[in-house]
Every structure is written in C-alpha cells, then in structure tokens.
Amino acid sequence: RTILMDDTTYEAMSETHLQKLRTMILSAVMGTASSAQYGQMREEGYIGKTMGIVAGGKFADLIQEKASIDGADLMDVAEEVAEGLGEKGKKWGLALVYRVDMPDHGVVILGTTGSPMDSKSFDIVKGGGDESRKDFDCPGLSHAAAYPIEIVVSKDNGAVKVSMVDAMFRMKMFFEDAGKWAFMNNMKMPGSIDKELRKQIKEGLKE
C-alpha cells in the first residue's frame, strides 16, 4: 500500500505491523521468504504530471468528495454506500470486497475491486520497472497492491462525506513505471473506473 511517512512517528509502528503480516503469511503459505521490494519508493506525497499535463500533484490535494449528506448518520450512509458498491459494475466488475468500521474516529473504509479492471491494469504495466519479471505468466501481479480501491465515508462536522483519491492520480501513483506511452494510450481507463464507482455510490445513496 501507499504510506505517507512525512511524520516518522509511525515508522516503528508500521514496521511492527509489517512483520506481523509477514509472520502470518509465512505460517500459512509454502515457499521461501523474500524481502524483494516491489513498486516505487517516493520521498514525498507529490507526483509529477505526465507530459507536464495530467495526473500529477500532491496526494492531499487529489482527494475527491463524491457525496456529502448534511445531518446524516455515519453508519447509515456507510451501509447505503456499501449496498451500492455491492452491485457488481458492468464494465470493470467493481464490487465491495471489504469493510472496516472505525466509528470512534468517525470513519468507515470500503474496499472495492474486480476484473477486468485488475487484469487489464496488470497487462498494461507488465513487469513495469522490473525486467526480471518479463517472462512471468502475469508479470504485472507485482502491482497488485494498487487494489482494492478505498472509498472513505467520514463524519465532518454536521455532514457525512464520501471520498476517494482521484482515479487518474491513483493510476499514476501505482502504475507510473508502465511508461509514458502506455499511460497515454490508456488515458480513458481511470475516468471510466471513476464513472462506474460514482454510479454505484449514487445508486446506493438513491440519488
């Protein structure tokens, strides 16, 4: 996943959590442990624009509000959005795969993913910046951490808001090593994914 470490306070906590995950996986899966790094390591939450035109900016500025309901109950809205995301999308197959309730923090996180979105993404990026993966059956699987996509339902003063990271920025964040040509040839994909998600959210909220 993407972790912004501008504040190093949580570095030790993140490392402890990582080791717990490794222990859990190694206890359940046969094989040899690996510490290979996949994906890109960034020094700040800023990504430059492709061709100087699209998909760049600061992470915090690319969080988009998809809906805002005044005077609503957090859990009621989360339930409605989850219901909308539960209906599988027609084009990209997006559907709800997990839900994390954090009512004490006024937040509910909903994760959604599906095929053919993931398989097409992996086919586009292939091995990305890792040439050693080029002969694998699915070299793009190294980019699997790009999914699920998170939809965040949060309490903000007197309103409940539904937000997500801009789809185009998100693709750039996880798949930049596909190269500029691949990125430009698939410019419509992020907008189409966003359209499917917005439709599911609106249907859940009965807008």
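Preceding block: the structure.
Residues numbered from 1 in each chain as written. Predicted model: local features only at pLDDT ≥ 70, side-chain atom pairs only at ≥ 80, totals over all residues. Heavy atoms only, no water.

Draft legend 1. Molecular detail of the packing of helix H2 (residues 74-86) against helix H6 (residues 188-205). Contact pair H2 / H6: the axes reach a minimum separation of 7 Å and the direction vectors enclose 130 degrees. The pairing of H2 with H6 is recorded here as oblique in orientation. In this structure, H2 meets H6 at a crossing whose hand is right-handed. Facing Val77, Glu80, Val81, Gly84 and Leu85 of H2, the residues of H6 in contact are Leu197, Gln200, Ile201, Gly204 and Leu205. Residue composition of the contact of H2 with H6, grouped by class: six nonpolar, three polar and one charged. (Axes fitted to C-alpha atoms, helices over the stretch in contact; angles between N-to-C directions. Helix = DSSP H or I, 4+ residues; strand = E, 2+ residues; numbered from the N terminus. Parallel < 35°, antiparallel > 145°, perpendicular 65-115°, else oblique. Left-handed = near helix turned anticlockwise from the far one by under 90°. Contact = heavy atoms within 4.5 Å. Nonpolar A, V, L, I, M, F, W, Y, C, P; charged D, E, K, R; others polar.)

Draft legend 2. Highlighting the packing of aromatic side chains. Applying the stated criterion across every chain, the model contains three aromatic pairs. Look at tyrosine 147 and phenylalanine 175: their rings are 6.1 Å apart centre to centre, the planes differ by 40 degrees, and that puts the pair in the tilted class. Note that tyrosine 147 is positioned in the loop between helix H3 (117-125) and strand E6 (149-156) and phenylalanine 175 in helix H4 (residues 167-175), a separation of 28 residues in sequence. For the pair tyrosine 147 and phenylalanine 175, a shared accessibility class is recorded, and that class is buried. Grouping aromatic residues by their ring pairs yields a cluster made of Phe122, Tyr147 and Phe175. Positioned above the aromatic ring of phenylalanine 183, the side-chain terminus of lysine 172 is 6.0 Å from the ring centre. (Phe/Tyr/Trp six-rings, centres within 6.5 Å; stacked < 30°, edge-to-face > 60°. Buried < 20%, exposed > 50% of the residue type's maximum accessible area, 1.4 Å probe, protein only. Lys NZ or Arg CZ within 6 Å of the ring centre and 35° of its normal.)

Draft legend 3. Summary view of unusual backbone geometry. Note the cis peptide between serine 115 and proline 116, where omega equals 15 degrees. With respect to the helices and strands, proline 116 occurs in the loop between strand E5 (107-113) and H3. Looking along the chain, the bond that leaves tyrosine 147 and enters proline 148 is cis, with omega of 5 degrees. In this structure, proline 148 sits in the loop between H3 and E6. With a phi angle near 50 degrees, lysine 126 is a residue other than glycine that sits in the positive phi range. Along the chain, lysine 126 turns up in the loop between H3 and E6. Residue classification places lysine 126 among the partly exposed residues on the basis of a relative accessible area of 47%.

Draft legend 4. The pattern of salt bridges, seen in detail. Per the counting criterion, the structure on display carries nine salt bridges. Among the salt bridges present, the one from lysine 66 reaches aspartate 194, with a minimum N-O distance of 2.7 Å. Placement of lysine 66 in strand E3 (residues 63-70) and of aspartate 194 in helix H6 is noted, with a sequence separation of 128 residues between them. On the basis of relative accessibility, which here comes to 19%, the residue lysine 66 falls in the buried class. The class of aspartate 194 is buried, set by a relative accessible area of 10%. Notably, a salt bridge pairs aspartate 101 with arginine 99, separated by 2.7 Å at the nearest N-O pair. Residue classification places aspartate 101 among the partly exposed residues on the basis of a relative accessible area of 37%. Assessed through its relative accessible area of 29%, arginine 99 is described here as partly exposed. When salt bridges that share partners are traced, they join Glu65, Asp156 and Lys161 into one network. (Salt bridge = Lys/Arg side-chain N within 4 Å of Asp/Glu carboxyl O.)

Honestly, it's all geometry; don't read function into it.
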